[in-house]
Amino acid sequence: MGFRLAITGVAAALAAASIGGTDAVAQDNEITVETTELGDGIFMLSTGIAGNLGLLVGEDGAVLIDDQLPNTGALIEGAVVELAGDDAPRFIVNTHYHGDHAGGNAHFAERGTTVAAHHNIRSRLAESPQTWIQEATLPILTFGDDLTFHMNGQTVEVSHLPAAHTDGDAIVYFREADILHMGDIFFSGMFPFIDLNGGGTVDGYLAAMEAAYEMASDDTRIIPGHGPMSTRADLMRSIEMLRETSFRIRSLVEGGADLEAVRAAEPLADYHEDWNWAFITTERMVDTLYYDATAR
C-alpha cells in the first residue's frame, strides 16, 4: 500500500539535515508513503527520506509515533486518514526532537492533535533557532520516565532512555501486539547517528539498545528509526557492532592517538562495506566515537 504526493522543498538533503537538526535548501521531490500492516490496527509508515513512523488505529482514535519533516504533514495526514478514517491522529508521540521525526508537529497540532514528548524534547525545540519550529511545534504534554496510552485494545508504553541518541529519546512498545518502535536508538544495518551535541553518548546509546533488547523477545517486531522492519537478532547485530567499534577507538585514544592518527589507522575499515551510508559514513562514525571517547 502506498500514498504519493509531490511536495516542494523536500528532498534527501533536507532529510539528512533534519536528522542533524540543521536547516537546508532542498530541491523538489516526489515522496511516497509506503505502509506495512502489522496487524492489531498497527502500521509502519515509511518514506525512505525520514524516520519510520508507527501508527495505531481503532475506535478510540489514532496514535502516531513521530510525524516526519516540516513540509510532509499533508502527505502523512493523507496516509493516516486513509488508514484510520480520522482527519488527524488523536495523539502523536515524538521519539526525539530532530526535524525528520518531529517536523510535522505544527501541522497536526493545528488540526487538534495532542503532541506528547519527553520534557527535554520540548526544551530543545523551544531553544532551537531552526526556522521550521513554531509555537505549535512544541509538545503540550510532556513526561519524565514514562507515559502509557490505553487505546484500541493496546497498552502503549512509552519509555525514556537517557543520553542515548539525544537526551530526550523514547521507545514505544505496543504490549499486546509485541511491536517495539525504537526511534533513532536503532538504525537497522547502518552506523547510528549519535547526536553528541544533543545530549547523546555512545555508552548511553549502547545501554538503550541493550535495554530494548532485554524488553524484546525473538518474536518481537521492531520498527527502527531508520532502516527496514527488524528483529531482535538485527538489534543484537547493531549492539555488537557498536561495542566493538567503540572499543577500538577508545583503545587508540587511551594509547595516545589524536584524531588524525585515529583516522589514519582506519580502525573501522572492515565495517565499511556493510555499515557505511550516506549520512553516517565510516569516517563520520570514527569521528563520533573519537569525540565521545575524548570527552570522557
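Below: a short report on this structure.

**A short note on the overall build of the protein chain**
Argument step 1. Helix and strand counts for the protein chain come out as 10 helices and 13 strands.
Argument step 2. Taking all 296 residues of the protein chain together, 57% fall into the buried category.
Argument step 3. Long-range pairs, those at least 24 residues apart, make up 63% of the contacts in the protein chain with a sequence separation of at least 6.

**Observations regarding the side chain of aspartate 169**
Argument step 1. Assignment of secondary structure puts aspartate 169 in the loop between strand E10 (154–160) and strand E11 (170–174).
Argument step 2. This buried residue, aspartate 169, is left without a salt bridge; arginine 124 holds the nearest opposite charge, at 9.0 Å.
Argument step 3. At 2.9 Å, the side chain of aspartate 169 and the backbone nitrogen of histidine 165 are in polar contact.
Argument step 4. In terms of polar contacts, aspartate 169 uses its side chain to reach the backbone amide nitrogen of threonine 166, at 2.6 Å.
Argument step 5. Once residues lying within four places of it in the same chain are set aside, the contact partners of aspartate 169 are Thr95, His96, Ser159, His160, Leu161, Ala164 and Ile185.

**Topic: the nonpolar core**
Argument step 1. Among the nonpolar cores identified, the biggest contains 42 residues, and Met182, Ile185, Phe191, Met209, Leu235 and Leu242 are the most heavily contacted of them.
Argument step 2. Look past the residues within four positions of methionine 209 in its chain and what remains in contact with it is Met182, Ile185, Leu235, Ser238, Ile239 and Leu242.

**Structural notes on the sheet that holds strand E9 (residues 146–151)**
Hydrogen bonding along the main chain pairs the strands of a sheet, whether they run parallel or antiparallel.
Argument step 1. Across the sheet, five strands lie side by side as E9-E10-E11-E12-E13; this open sheet has mixed pairing. Whereas interior strands pair on both sides, the edge strands pair on one side only; in this sheet they are E9 and strand E13 (221–223). Averaged over all adjacent pairs, the angle separating strand axes in this sheet is 15°, with direction ignored.
Argument step 2. Here three bridges tie E11 to strand E12 (residues 179–181), and the two strands are oriented antiparallel to one another. Following the sheet pairing, phenylalanine 174 is matched in E12 by isoleucine 179.

**Structural notes on the environment of leucine 180**
Argument step 1. When you line up the elements, leucine 180 lands in strand E12.
Argument step 2. Leucine 180 sits in the buried class, given a relative accessible area of 0%.
Argument step 3. Setting aside residues up to four positions removed in sequence, leucine 180 forms contacts with Ile171, Val172, Tyr173, Ala212, Met215, Thr220, Arg221, Ile222 and Ile223.

**Focus: the pattern of salt bridges**
Argument step 1. Summed over all chains, the structure comprises 10 salt bridges.
Argument step 2. Note that arginine 248 and aspartate 270 form a salt bridge whose closest N and O atoms lie 2.7 Å from each other. Taken together, the residues span a long stretch of sequence, with arginine 248 in helix H7 (residues 232–254) and aspartate 270 in the loop between helix H8 (259–265) and helix H9 (272–275) at a distance of 22 residues.
Argument step 3. Given the relative accessible area of 54%, aspartate 270 is considered exposed.
Argument step 4. One network of salt bridges, in which partners are shared, links Asp203, Arg250 and Asp292.

**So, the packing of aromatic side chains**
Argument step 1. With the rule as written, the count across this model stands at five aromatic pairs.
Argument step 2. With 5.9 Å between their ring centres and 40° between their planes, phenylalanine 187 and tryptophan 277 make a pair best called tilted. Within this pair, whereas phenylalanine 187 is found in the loop between E12 and helix H6 (202–215), its partner tryptophan 277 is found in the loop between H9 and helix H10 (282–294), the two being separated by 90 residues in sequence. For the pair phenylalanine 187 and tryptophan 277, a shared accessibility class is recorded, and that class is buried.
Argument step 3. Geometrically, the ring pair formed by phenylalanine 193 and phenylalanine 279 is edge-to-face, given 5.5 Å between the ring centres and 85° between the ring planes. Residue phenylalanine 193 is found in the loop between E12 and H6, and its partner phenylalanine 279 is found in the loop between H9 and H10; the two are separated by 86 residues along the sequence.

**Observations concerning the environment of proline 89**
Argument step 1. Tracing the backbone through its elements, the reader meets proline 89 in the loop between helix H2 (73–84) and strand E6 (91–93).
Argument step 2. By relative accessible area, proline 89 is classed as buried at 2%.
Argument step 3. A C-alpha to C-alpha distance of 9.2 Å links proline 89 and leucine 56, two positions 33 residues apart in sequence.
Argument step 4. The contact partners of proline 89, leaving out residues within four places of it in the chain, are Ala62, Leu64, Val80, Phe108 and Thr113.

**Structural notes on H6**
Argument step 1. Taking 1.5 Å per residue as the helical rise, H6 with its 14 residues ought to reach 20 Å, and the 20 Å between its terminal C-alpha atoms agrees with that figure.
Argument step 2. By the burial criterion, the buried members of H6 are Val202, Gly204, Tyr205, Leu206, Ala208, Met209, Ala212 and Tyr213.
Argument step 3. Contacts from the buried residues of H6 go to E11, E12, H7 and H10.

Parameters and conventions
Residues numbered from 1 in each chain as written. Predicted model: local features only at pLDDT ≥ 70, side-chain atom pairs only at ≥ 80, totals over all residues. Heavy atoms only, no water. Helix = DSSP H or I, 4+ residues; strand = E, 2+ residues; numbered from the N terminus. Buried < 20%, exposed > 50% of the residue type's maximum accessible area, 1.4 Å probe, protein only. Contact = heavy atoms within 4.5 Å. Lys, Arg positive; Asp, Glu negative; His and termini not counted. Salt bridge = Lys/Arg side-chain N within 4 Å of Asp/Glu carboxyl O. Polar contact = N/O pair within 3.5 Å; in protein donor to acceptor, adjacent residues only side chain to side chain. Core = buried A, V, L, I, M, F, W, Y, C linked by side-chain atoms within 4.5 Å. Pairing = 2+ DSSP bridges. Axes fitted to C-alpha atoms, helices over the stretch in contact; angles between N-to-C directions. Phe/Tyr/Trp six-rings, centres within 6.5 Å; stacked < 30°, edge-to-face > 60°. Expected span 1.5 Å × (residues − 1).

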